[in-house]
Amino acid sequence: MLLTRKAEFSASHVCANPAWDDARNRAVYGANANPNGHGHNYVLEVTLEGDPDPVTGMVFDLRELKEILNREVVDPMDHRFLNREVPPFERVVPTTENIAIEIWRRLATQIRSPRARLANVRLYETNDLYVDYGGER
Amino acid sequence: MRLTVRYRFAASHRLDTPALSSEENRALYGKCNNPHGHGHDYSLELTVEGPVGADGQVVNRGQLDALVRERVLARVDHKNLNVDVEEFRSLVPTTENLAEVIRQGLQAGWTLAPRLVRVEISETARNTFAWEAIEG
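Because the structure is a prediction, the values reported are computed rather than measured.

Things to note about the overall build of chain B
Point 1. Counting its regular elements, chain B contains four helices and five strands.
Point 2. Along chain B, helices (α) and strands (β) appear in the sequence β-α-β-α-β-α-α-β-β when read from the amino end.
Point 3. In chain B, which comprises 136 residues, the proportion classed as buried is 25%.
Point 4. Put simply, 68% of the contacts in chain B that link residues at least 6 apart link residues at least 24 apart.

Written out as structure tokens, the structure is:
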């Protein structure tokens with residue numbers, strides 16, 4: 001059984017590698033390289049996989065999942081400038097891919113259950129663009 | 001890592017196959033058989049899969065957009081599919097066939113590092129068709 005919970009956060013970022021000049025960053029990241037930053041309303045869909053507990057009928061406690069998402073993702077990232085305020089993005093370029101990897105890393109250690117595992121992190125940067133990350137394979 | 005990007009295009013078509021009589025075509029395709037054609041705002045979602053590179057991306061967005069513009073959008077956006085797209089001179093432009101023509105067109109000119117793993121096309125918000133690569 002797959003269980004998916006959604007969360008939203010709004011944040012600004014710059015996609016640029018400080019080791020590269022402006023022209024190269026523009027070629028690789030397009031408008032996302034604007035050094036002053038810009039923002040998105042990110043939508044996160046976290047999917048857990050497991051068998052429902054025979055007593056509770058639940059794969060994972062949704063209230064606990066909500067608390068984990070708030071603590072690990074929404075509280076630290078919502079209304080923040082990712083490059084300046086949210087590690088490791090002072091040194092890792094906050095592309096949608098890298099933000100999804102970081103969210104996976106933060107959540108994987110928190111989903112402590114014998115019957116559920118983190119299966120997928122889907123992160124929408126806009127309505128028209130999202131990434132799916134299922135951990136290192 | 002998988003990246004999915006949505007593109008949009010508008011096109012007209014008429015569903016009519018020479019394999020059937022006019023009456024049979026009308027019965028089978030209904031309103032879609034209207035001899036004058038009709039149009040849709042199509043939504044096309046493409047999914048690519050690959051490792052995240054040193055730049056933190058699965059694929060350069062500009063290169064993906066350029067490829068889709070050249071291989072798909074330039075051929076179908078604001079076109080009459082039956083008349084303007086060569087493949088549909090001998091193929092009914094159902095959305096199933098459109099998805100397949102788009103997939104073939106993309107794969108024939110694919111120059112990007114990640115693999116194209118999914119092509120999903122919506123004719124309207126109520127009808128969606130998808131092709132998926134077989135795992136592995």
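Brief notes about the nonpolar core
Point 1. Ranked by size, the top nonpolar core spans 47 residues in total, and within it A:Ala100, A:Leu123 and B:Ile102 carry the most contacts.
Point 2. Each residue touching B:Ile102, except ones within four places of it in the same chain, is listed here: B:Leu44, B:Val72, B:Val119 and B:Ile121.

Section: unusual backbone geometry
A negative phi angle characterises most non-glycine residues, just as the trans form characterises most peptide bonds.
Residues and elements named next belong to chain A.
Point 1. Following Pro87, the chain continues into Pro88 via a peptide bond in cis, with omega recorded as 5 degrees.
Point 2. Residue placement: Pro88 occurs in the loop between helix H3 (82-85) and helix H4 (96-108).
Point 3. Despite not being glycine, His79 has its phi angle at roughly 55 degrees, a positive value.
Point 4. Within the secondary structure layout, His79 lies in the loop between helix H2 (62-77) and strand S3 (80-81).
Point 5. Judged by local crowding, His79 falls into the exposed class, with 11 C-beta atoms found within 10 Å.

Quick notes on the packing of H2(A) against H4(A)
All names here are of chain A.
Point 1. The N-to-C vectors of H2 and H4 enclose an angle of 135 degrees; their axes lie 10 Å apart at closest approach. Judged by the inter-axis angle, H2 sits oblique to H4. Of the two elements, H2 crosses H4, and the hand of that crossing is right-handed. The residues of H4 that touch H2, namely those facing Ile68, Glu72 and Val73, are Ile103, Arg106 and Leu107.
Point 2. Grouping the amino acids of the contact of H2 with H4 by side-chain chemistry returns four nonpolar, no polar and two charged.

Describing helix H2 (residues 61-76) of chain B
Residue and element names in this part refer to chain B.
Point 1. With 16 residues, H2 ought to run about 22 Å at 1.5 Å a step, and its terminal C-alpha atoms sit 21 Å apart, in line with that.
Point 2. For H2, the principal kink sits at Arg69 and spans about 45 degrees.
Point 3. All of the buried residues in H2 are Arg61, Val72 and Val76.
Point 4. Where the residues of H2 are buried, they touch strand S1 (2-13), strand S2 (38-49), strand S3 (79-80), helix H3 (81-84) and helix H4 (95-108).
Point 5. Residue His78 follows H2 closely and has a positive phi angle near 55 degrees.

Section: the environment of A:Ile103
Residue and element names in this part refer to chain A.
Point 1. Within the element layout of this structure, Ile103 appears in helix H4.
Point 2. Along the backbone, Ile103 and Met58 are 45 residues apart, and their C-alpha atoms lie at a distance of 23 Å.
Point 3. When near neighbours in sequence (up to four residues on either side) are disregarded, Ile103 contacts Leu44, Val73, Val121 and Leu123.

Describing the interface of chain A and chain B
Point 1. On the side of chain B, 14 residues touch chain A, which itself brings 13 residues to the contact.
Point 2. Listed by contribution, the elements that provide at least two residues to the side of chain A that touches chain B are H4 and strand S5 (129-133) of chain A.
Point 3. It is S5(A) that provides the largest number of residues to the side of chain A that touches chain B, a total of five residues.
Point 4. Its residues placed into classes, the side of chain A that touches chain B shows six nonpolar, four polar and three charged.

As for the pairing of strand S1 (residues 2-13) of chain A
All names here are of chain A.
Point 1. Judged from the 12 bridges that link them, S1 and strand S2 (residues 38-50) form a sheet pairing that is antiparallel. Residue pairing in the sheet places Leu2 in a bridge with Glu49 of S2.
Point 2. As paired elements, S1 and S3 share two bridges and run parallel to each other. Across the sheet, Ala11 pairs through a bridge with Arg80, a residue of S3.

Considerations on the confidence of the model for chain B
Point 1. The predicted model of chain B averages 96 in pLDDT, with 99% of residues at 70 or higher.
Point 2. For this predicted complex, the interface confidence comes out at an ipTM of 0.90, alongside a pTM of 0.93.

Quick word on the environment of B:Arg2
Point 1. Structurally, B:Arg2 can be placed in strand S1.
Point 2. Judged by the 21 C-beta atoms lying within 10 Å of it, B:Arg2 falls in the buried class.
Point 3. For the pair formed by B:Arg2 and B:Asn127, sequence separation is 125 residues and the distance between their alpha carbons is 24 Å.
Point 4. If sequence neighbours within four positions are ignored, B:Arg2 has contacts with A:Val131, A:Asp132, B:Thr47, B:Glu49 and B:Val117.

Analysis parameters
Residues numbered from 1 in each chain as written. Chains lettered and ligands numbered in written order. Predicted model: local features only at pLDDT ≥ 70, side-chain atom pairs only at ≥ 80, totals over all residues. Helix = DSSP H or I, 4+ residues; strand = E, 2+ residues; numbered from the N terminus. Buried ≥ 20, exposed ≤ 12 C-beta atoms within 10 Å, placed from the backbone. Contact = placed C-beta atoms within 7 Å. Core = buried A, V, L, I, M, F, W, Y, C linked by C-beta atoms within 7 Å. Axes fitted to C-alpha atoms, helices over the stretch in contact; angles between N-to-C directions. Parallel < 35°, antiparallel > 145°, perpendicular 65-115°, else oblique. Left-handed = near helix turned anticlockwise from the far one by under 90°. Nonpolar A, V, L, I, M, F, W, Y, C, P; charged D, E, K, R; others polar. Expected span 1.5 Å × (residues − 1). Bend = angle between axes of the 7 residues up to and from the residue. Pairing = 2+ DSSP bridges. pLDDT = per-residue confidence, 0-100.

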